[in-house]
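Per-entry structural report
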Amino acid sequence: MRISNISVVGLGKLGLCLANVLASKGFSVIGVDTDASKINQVNRGISPIFEPGLETLLQAHRARLSATVDYNQAIHNSDATFVVVPTPSEPSGGFSLGYVEQAMGKIGEALREKPGYHLIVLTSTVMPGSMEHLAPLLEERSSKVCGRDFGLCYNPEFIALGNVVRGLLRPDFVLIGESDERAGQELAQIQSYVCENDPPIERMNFVNAEIAKISVNSFVTMKMSYANTLAEICENVVGADVDQITTAIGKDKRIGSAYLKGALGYGGPCFPRDNIAFASFAKGVGAQGDLALMTHQINERQVKRITRIFVKENLHPPMKVGVLGLTYKPGTNVTEASQALMLARQLASEGFEIFVYDPALTNDSFRTDELRFKPTAEACIEATDVCIVATPWEAFKKINSSVFSDKFVIDCWRILNDDAIRNSSRYFPLGKSFNKKIPAVLA
Ligand SMILES: NC(=O)c1ccc[n+]([C@@H]2O[C@H](COP(=O)([O-])OP(=O)(O)OC[C@H]3O[C@@H](n4cnc5c(N)ncnc54)[C@H](O)[C@@H]3O)[C@@H](O)[C@H]2O)c1
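Residues numbered from 1 in each chain as written. Predicted model: local features only at pLDDT ≥ 70, side-chain atom pairs only at ≥ 80, totals over all residues. Heavy atoms only, no water.

**Overview of helix α1 (residues 15-24)**
An α-helical turn contains 3.6 residues, so any two residues separated by three or four positions project in the same direction. Summarising burial for α1: nine of the 10 residues are buried, a large majority. Residues Gly15, Leu16, Cys17, Leu18, Ala19, Asn20, Val21, Leu22 and Ala23 constitute the buried set of α1. A positive backbone phi angle near 105° is found at glycine 26, which sits one or two residues after α1. (Buried < 20%, exposed > 50% of the residue type's maximum accessible area, 1.4 Å probe, protein only. Helix = DSSP H or I, 4+ residues; strand = E, 2+ residues; numbered from the N terminus.)

**Focus: the sheet that holds strand β2 (residues 28-32)**
Ordered by their spatial adjacency, eight strands build an open sheet running β3-β2-β1-β4-β5-β6-β7-β8, and the pairing between neighbours is mixed. The open sheet is flanked by β3 (65-68) and β8 (201-204), the only strands paired with a single partner. Here the strands of the sheet are splayed against their neighbours by 25° on average, with no regard to which way each runs. Against the sheet, helix α5 (residues 98-112) contacts β1 (5-9), β4 (80-83), β5 (118-122) and β6 (150-154), and its axis sits at roughly 175° relative to β5. (Pairing = 2+ DSSP bridges. Axes fitted to C-alpha atoms, helices over the stretch in contact; angles between N-to-C directions. Contact = heavy atoms within 4.5 Å.)

**A closer look at the domain arrangement of the protein chain**
Here the protein chain is described as being made up of domain 1 (5-206) and domain 2 (222-429). Taken together, the contact pairs 16 residues of domain 1 with 14 residues of domain 2. Counting each side, the surface lost to burial between domain 1 and domain 2 is near 1200 Å², with a carbon and sulfur contribution of 60%. Here domain 1 is connected to domain 2 by zero salt bridges. Inspection of the region where domain 1 meets domain 2 yields four residue pairs in polar contact (both at pLDDT 80 or more). Among the residues making up the side of domain 1 that touches domain 2, the classes are represented as eight nonpolar, seven polar and one charged. (Domains from an automatic or database assignment. Buried area = accessible area lost by both parts, 1.4 Å probe. Salt bridge = Lys/Arg side-chain N within 4 Å of Asp/Glu carboxyl O. Polar contact = N/O pair within 3.5 Å; in protein donor to acceptor, adjacent residues only side chain to side chain. Nonpolar A, V, L, I, M, F, W, Y, C, P; charged D, E, K, R; others polar.)

**Overview of the packing of aromatic side chains**
Counting across every chain of the model gives eight aromatic pairs. When the centroid spacing of 6.1 Å and the interplanar angle of 75° are considered together, the rings of tyrosine 266 and phenylalanine 271 count as edge-to-face. The pair formed by tyrosine 266 and phenylalanine 271 is uniform in burial state, with each residue classed as buried. Here a set of aromatic residues connected by ring pairs shows up, and it is made of Tyr259, Tyr266 and Phe271. For the cation-ring pair, arginine 182 lies above tyrosine 117, with the distance from its terminal atom to the ring centre recorded as 3.6 Å. Positioned above the aromatic ring of phenylalanine 95 is the side chain of arginine 273, whose terminal nitrogen or guanidinium carbon lies 4.1 Å from the ring centre. (Phe/Tyr/Trp six-rings, centres within 6.5 Å; stacked < 30°, edge-to-face > 60°. Lys NZ or Arg CZ within 6 Å of the ring centre and 35° of its normal.)

**A closer look at the site of the ligand**
In the region of the ligand, 24 residues are neighbours, and Asp33, Lys38, Tyr71, Thr87 and Arg273 sit closest. The separation between an oxygen atom of the ligand and a polar side-chain atom of lysine 38 is 2.6 Å. Summarising the interface, the protein chains cover 89% of the accessible area of the ligand, which totals 830 Å² for the free molecule. A per-class count over the shell around the ligand returns 11 nonpolar, seven polar and six charged. (Near = heavy atom within 4 Å. Areas by Shrake-Rupley, 256 points an atom, 1.4 Å probe, with all protein chains shown as cover.)

**Details of the side chain of serine 142**
Tracing the chain through its elements places serine 142 in helix α6 (residues 130-142). Apart from the residues within four sequence positions on either side, serine 142 is in contact with Gly108, Leu111, Arg112 and Phe150.

**Considering the pairing of β2**
When you tally the buried positions in β2, you get four out of five residues, the bulk of the element. Of the pairings in the sheet, the one linking β1 to β2 comprises five bridges and is parallel in character. Bridge pairing links asparagine 5 to serine 28 in β2. Across four bridges, β2 lies against β3 in parallel orientation. Considered in β3, the bridge of glycine 31 is made with alanine 67.

**Describing the environment of lysine 397**
With respect to the helices, strands and loops of the structure, lysine 397 is situated in the loop between β12 (386-389) and β13 (408-411). The exposure class of lysine 397 is partly exposed, given its relative accessible area of 37%. The spatial distance from the C-alpha of lysine 397 to the C-alpha of arginine 414 is 9.7 Å, given a sequence separation of 17 residues.

**Comments concerning the sheet that holds β13**
With parallel pairing, six strands are arranged side by side in an open sheet as β11-β10-β9-β12-β13-β14. Each edge of the open sheet carries a strand with a single partner, namely β11 (371-373) and β14 (427-429). Strand-to-strand, the axes of this sheet are offset by a mean angle of 20°, without reference to chain direction. The pairing of strand β9 (residues 320-324) with strand β10 (residues 353-357) spans five bridges and is parallel. Along β10, the bridge assignment pairs leucine 324 with tyrosine 357. Relative to β13, helix α13 (residues 302-312) is tilted by about 160°, and along the sheet it contacts β9, β12, β13 and β14.

**Overview of the pattern of salt bridges**
Once their charged atoms are close, side chains differing in charge can pair, the charge on each being opposite to the other. The tally for this structure, following the rule as stated, stands at 19 salt bridges. Here glutamate 235 makes a salt bridge to arginine 305, at a shortest N to O gap of 2.7 Å. Pair noted here: glutamate 235 is in helix α9 (residues 206-235) and arginine 305 is in helix α13, with a separation of 70 residues, a long-range link. Here the two residues glutamate 235 and arginine 305 agree in accessibility, since each one is buried. Sharing partners across several salt bridges, the network here consists of Arg2, Arg182 and Glu186.

**A few points about the nonpolar core**
If you look at the biggest cluster of nonpolar residues, it comprises 53 residues, and the most contacted ones within it are Phe310, Leu324, Leu326, Ile354 and Ile410. With six residues, helix α14 (residues 339-349) is the single largest residue contributor to this core. The contacts of leucine 324, once residues within four sequence positions are left out, are Tyr357, Ala377, Cys380, Ile381, Cys387, Ile388, Val389, Ala390, Thr391, Phe396 and Ile399. (Core = buried A, V, L, I, M, F, W, Y, C linked by side-chain atoms within 4.5 Å.)

Here it is as structure tokens:
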């Protein structure tokens, strides 16, 4: 392979993991970031972000990874550059290209003085049509020709926080949008070398790769909203159980069991916004993205589904509520668009006193006046009248069941498996007909 030195621009949640995975596979990696404190930490072998497996990789492969704020140094000492900078959502629903343009501009300027072919790979999620705009920008800044002096690829990732390292090493497939044959071929070689599961590599033009990227999350969230709709139906039908239904229908190959768990809604930095972007893109080209919009609307209703249980069961302030789990999923400390956090805040706004516990958060890392952190799950439950298991952290399965006695328990993910809890008339597993002795929650 021609490429042995790689630069990674943007050492955030995705970029730092990518840089470390590349270093772990033997590439010499130079990271670039505008945040000098991040650079400092990485160069001292400290991970500035929380992601399982990252710190270990960083420690093990430090010799092959360095970081700098200097684009010239990074570009001149590498043969390929991955760009993983933020693409925040805009009011229209699309993604801003601002940071990407800044980074590409600097890469272009650095390339001006660099002899030989260079491969540029954009990993950040962008709106369809963006790549066609970036090729001329790079040509203008570098005074070089795309497809001859440098190659440009779009190579988005489909990873989930908490599982980023594994997701990079073992993806279901690799998606490549390419400016030309050589660029795509070189990137495919890197990915084949890095991935441990020999994934299929789908190569295509820019726009098809761009549409494919936002389609994946839109489709996956549609399955989640479908399962949540089924769960809501089951809560209102005596004898119904969403798990039995999704386990059965997931066996149908046309449906599949992944992401078909009826529970709380989805959250995080990607799922909600990718769906809105999909609908906005469809509208922009004169098509109808109703399915994506409806998926999003269903997701927006999920917190209300829980607060209706409170109304129905006559649970009201000054009762105290414990929320177990605030992150948008287990294995991460990210709370962006977290349904658990939205639920906690909604109940706080209704006058409930809210106590929280999350294995990845403390009052110091998550400053808030409306939520009171407890040091353990047990302490959180003991302090409250109603307890909500909002994020399915494994540790919650091991909570001593005696602390739940005399509490109302809303188990959004049905992870508590102690019979004493399950048989209690105060136990509400989402997605199951609420205890026959208690009238079903009506819409
Ligand atoms: N995090 C994920 O799970 C995930 C998954 C799939 C796709 N993505 C996409 O990847 C991109 C990055 O996401 P993230 O979560 O890693 O973001 P992040 O905010 O965690 O990290 C971005 C990093 O880029 C740096 N940066 C900003 N402008 C820069 C510039 N001009 N030059 C150098 N560095 C710069 C920031 O300082 C930060 O360290 C986004 O487009 C996102 O949609 C993220």
